[in-house]
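# Chain and residue survey
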Amino acid sequence: MEGLYTTANPNLRRLTVPLLIAYGPVFISLRHASDKKEHVFPRDIGDRSSAPYAFSQIAGARPGSPELRETYPPQKALHQSAHLRKHHVDVSSASRHCNTAQNTIKRLHDSCELQGQQSPPLHLSTRAAMAKFSFFFLSLVTIACASPHGYRDLQVHESRSSVPSGFTKVGAAPEDQQLTLRLGLVQSDFAGLEKALYAVSTPSSDQYGQHLSKEEVEQFVAPAPESVSAVKDWLQSNNLTSATISPAGDWLSIQTTVKQANAMFDTQFTTFTHEKTNTQSVRTMQYSIPAALKGRLDFVHPTVSFPAPDIKRPIISHPISPSVQNLTASGAAASCGTGAVTPACLQSLYGIPTTAATQKSNAIGVSGFYPQFPNSQDLKTFLQRTRPDISSSTTFTSQSVDNGRNPGGSGDDIIEANLDVQYTIGLATGVPNVFVFVGENTKDGVDGFLDIINFLLNESNPPQVLTTSYGFDENQLSRSVATNLCNAYAQLGARGVSILFASGDGGVGGGQQGESCRTFIPAFPGGCPFHTAVGATTVSRSGSESAATLSSGGFSNYFGIPDYQADAVSSYLSALGSTNRGLYNASGRGFPDVSAIGQDVEIVLDGELTAVDGTSCSSPIFASVVGLLNDGLIAAGKSPLGFLNPFLYSTGANAFNDITSGDNPGCNTNGFPAKAGWDPVTGLGTPNFAKLKAAVGL
């Protein structure tokens, strides 16, 4: 049965150690002199002839008696002490010392002793008793560190030095306001997953194309059982229950109040207003977690991340002249010199085939966020005007995240979704199209970015390509949240999914135009090394391309240069010289990786032709190229491309139209200039379909 040992220190009350003893000794009930509470001890503890110091004996007790049943269940074999939540250590203010105690009895006795108190020695008279006590001391430390009182030692975990630009502090959040908090647990072996990702994504590897299964990926990122147990134990000690919200179990969600969260995390949750949209959010400038959870609890969210709520309007629109409309309507706009970019223009410029794909197992996924949902009638009109060679009834399927439903909007509320779907369907002829729509009530603190990626990770067969035309400034997210999202893209990449994001529309000044800055602002997820960032070009009436000034590009402040990109970045920085020195992180991951046309792209909006600008145009265009390449690979019995970058920077590096003119101004500078080879404006360049097809082995 379980026994209980204690030191004689009167300030260490109810200090318990679960012992796996087949038949426990007779127990006695003792009353402590200071708190008058009853405590249970084995009668033979330390072969004592009298009760421990400051205790008086009340009566004999045996396991299974009413007063002991809750603490000592009457069974011969007991499970591990971590599951016996009722056994805990109350060491008052000495709990901090117990957390760092080593596995000797003397150190336990000394480190848990309160300042100014003299503890009588432990009386364990025989070598056998000493050995038994020492054997179970590690269990004591585990319980001490996982107990409610052991969680009182809070240490600052994340902090932000100032309120981000564009936000103002309103005041303390109401104490009774409800909060939904996400807890990211430390993943067990992400380094192993990263190694596997590169092995299946690098053309020179003998494992190239041998993508991992869902279960294999989850084994790498699932948190250690001890981490799950410790975090849930801490939550239960605060009367909170959690829900697991990721397939690998590395994300938990809790519901609490501002008052409780302030106490749990030793912080002050505050209401902030986003000035541009007048939208309020509850965040904090720093928070703490128990020292006992370091290395187990990765971070808490949303806390110190401040994503701008207007991130969902990333493109610019302007009318098309009547002369261009007439050309397009007659199907004559086969070149890019008409003033509007159409599917026919792109097919001509990049060599994209018009023949239909054949593999129904292949798909392109398009990310959508409330209220952006594509209008089916506009899609039909677009196909009638720009792709009369295919059925105008060609459409998409949709998937719902966070109870997303088509809100039936118009104008600006559908412009992004219309663009993304019209060009992935209009260019990737015959490739199935899936619109993944995140609803209005997402509570993930990053506009649905966490929820959509966990949704896709939970699918057995996610689409082989995912294009997303949304993003943030890197500094709006905490490093922990940015890293976790980036690592999620690695999980999908290891499973054979190509993740593409628009690089952003603010040049070197971030993801949005018009931001004030003294140093360059990298966009997110542009700097994430496990996805492909797509920049923008513009095309002249002669058909030549140059960098679009809006194309976000630069170098991450969070992520270092990946090996696959090291030579390309080094060559560019050598050619750049001292230009912009001190304004960017020269040791950061460079982006974008590739580019495609991102200005004067024609779509149908509310039944009318409209031209739009932005890397939001470029990402679905490049995704269409990847979708068609995957169709050919699958038809040939090969694997889809999956994570693209190791291929792009090696075997595929010469399969692009190199863009060598233009720049991406911002922050009162001209930004970075486009140069021969890779550059942080247009990446490796725009696609040459024939060369890419040969590079992938078709």
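Calculation rules
Residues numbered from 1 in each chain as written. Predicted model: local features only at pLDDT ≥ 70, side-chain atom pairs only at ≥ 80, totals over all residues. Heavy atoms only, no water. UniProt positions renumbered as here; feature names shortened; annotations may be inferred. Helix = DSSP H or I, 4+ residues; strand = E, 2+ residues; numbered from the N terminus. Contact = heavy atoms within 4.5 Å. Polar contact = N/O pair within 3.5 Å; in protein donor to acceptor, adjacent residues only side chain to side chain. Core = buried A, V, L, I, M, F, W, Y, C linked by side-chain atoms within 4.5 Å. Buried < 20%, exposed > 50% of the residue type's maximum accessible area, 1.4 Å probe, protein only. Domains from an automatic or database assignment. Pairing = 2+ DSSP bridges. Axes fitted to C-alpha atoms, helices over the stretch in contact; angles between N-to-C directions. Expected span 1.5 Å × (residues − 1).

### Considering the UniProt feature "binding site: Ca(2+)" (unreviewed entry) in the protein
Under the UniProt annotation, "binding site: Ca(2+)" (unreviewed entry) lies at Asp658, Ile659, Gly677 and Asp679. What stands out for the annotated residues spanning 22 residues is how close their C-alpha atoms remain, the widest pair being 9.7 Å apart. Inspection of the secondary structure assignment puts Gly677 in the loop between β28 (656-657) and β29 (686-687). Excluding anything up to four places from it in sequence, Gly677 contacts Asp658 and Gly683. If you trace the backbone, Asp679 turns up in the loop between β28 and β29. Beyond its immediate chain neighbours, meaning those up to four positions away, Asp679 contacts Tyr572, Pro592, Ile659, Pro673 and Ala674. Only 2.7 Å separates the side chain of Asp679 from the backbone nitrogen of Thr682, close enough to count as a polar contact.

### Section: the nonpolar core
Ranked by size, the top nonpolar core spans 148 residues in total, and within it Leu183 and Trp234 carry the most contacts. Split by domain, the residues of this core number at least three in each of domain 1 (149-187 + 222-301) and domain 2 (323-696). With near-sequence residues (within four places) excluded, Leu183 lies in contact with Val231, Trp234, Leu235, Asp250, Trp251, Leu252, Ile254, Leu297, Phe299 and Val300.

### Looking at the sheet that holds strand β12 (residues 297-301)
The strands making up a sheet associate through backbone hydrogen bonding, with each pair oriented either parallel or antiparallel. Across the sheet, 4 strands lie side by side as β7-β8-β6-β12; this open sheet has antiparallel pairing. The sheet terminates laterally at β7 (243-244) and β12, the two strands that pair on one side only. Examined bridge by bridge, strand β6 (residues 178-185) and strand β8 (residues 251-257) share 7 bridges and lie antiparallel to one another. Pairing of Thr180 across the sheet is with Gln255, part of β8. Contacts between helix α14 (residues 479-494) and the sheet are confined to β8 and β12, with β12 contributing the most and set at about 105° to the helix.

### Regarding the sheet that holds strand β9 (residues 270-274)
Overall, antiparallel pairing links the 3 strands, which are arranged β5-β9-β10 in an open sheet. Each edge of the open sheet is held by one strand with a lone partner, namely β5 (167-172) and β10 (279-283). Averaged over all pairs of adjacent strands, the angle between strand axes in this sheet comes to 30°, irrespective of strand direction. Summarising the sheet, β5 and β9 pair through 5 bridges and their orientation is antiparallel. Pairing of Thr168 across the sheet is with Thr273, part of β9.

### What to know about the environment of Trp678
Of note, Trp678 is situated in the loop between β28 and β29. Linking Trp678 and Val594, residues 84 residues apart in sequence, is a C-alpha distance of 8.5 Å. Each residue touching Trp678, except ones within four places of it in the same chain, is listed here: Phe555, Gln565, Ala568, Val569, Tyr572, Gly590, Phe591, Pro592, Asp593, Tyr649, Gly683 and Leu684. At 2.8 Å, the side chain of Trp678 forms a polar contact with the backbone oxygen of Pro592.

### Here we look at helix α7 (residues 225-237)
Between its first and last C-alpha atoms α7 spans 18 Å; for 13 residues at 1.5 Å apiece the expected length is 18 Å, and the two agree. Taken together, the buried positions of α7 are Ser227, Ser229, Ala230, Val231, Asp233, Trp234 and Leu235. Those residues of α7 hidden inside the fold are in contact with β6, β8, α8 (258-264), β11 (286-290) and β12. Residue Asn239 follows α7 closely and has a positive phi angle near 60°.

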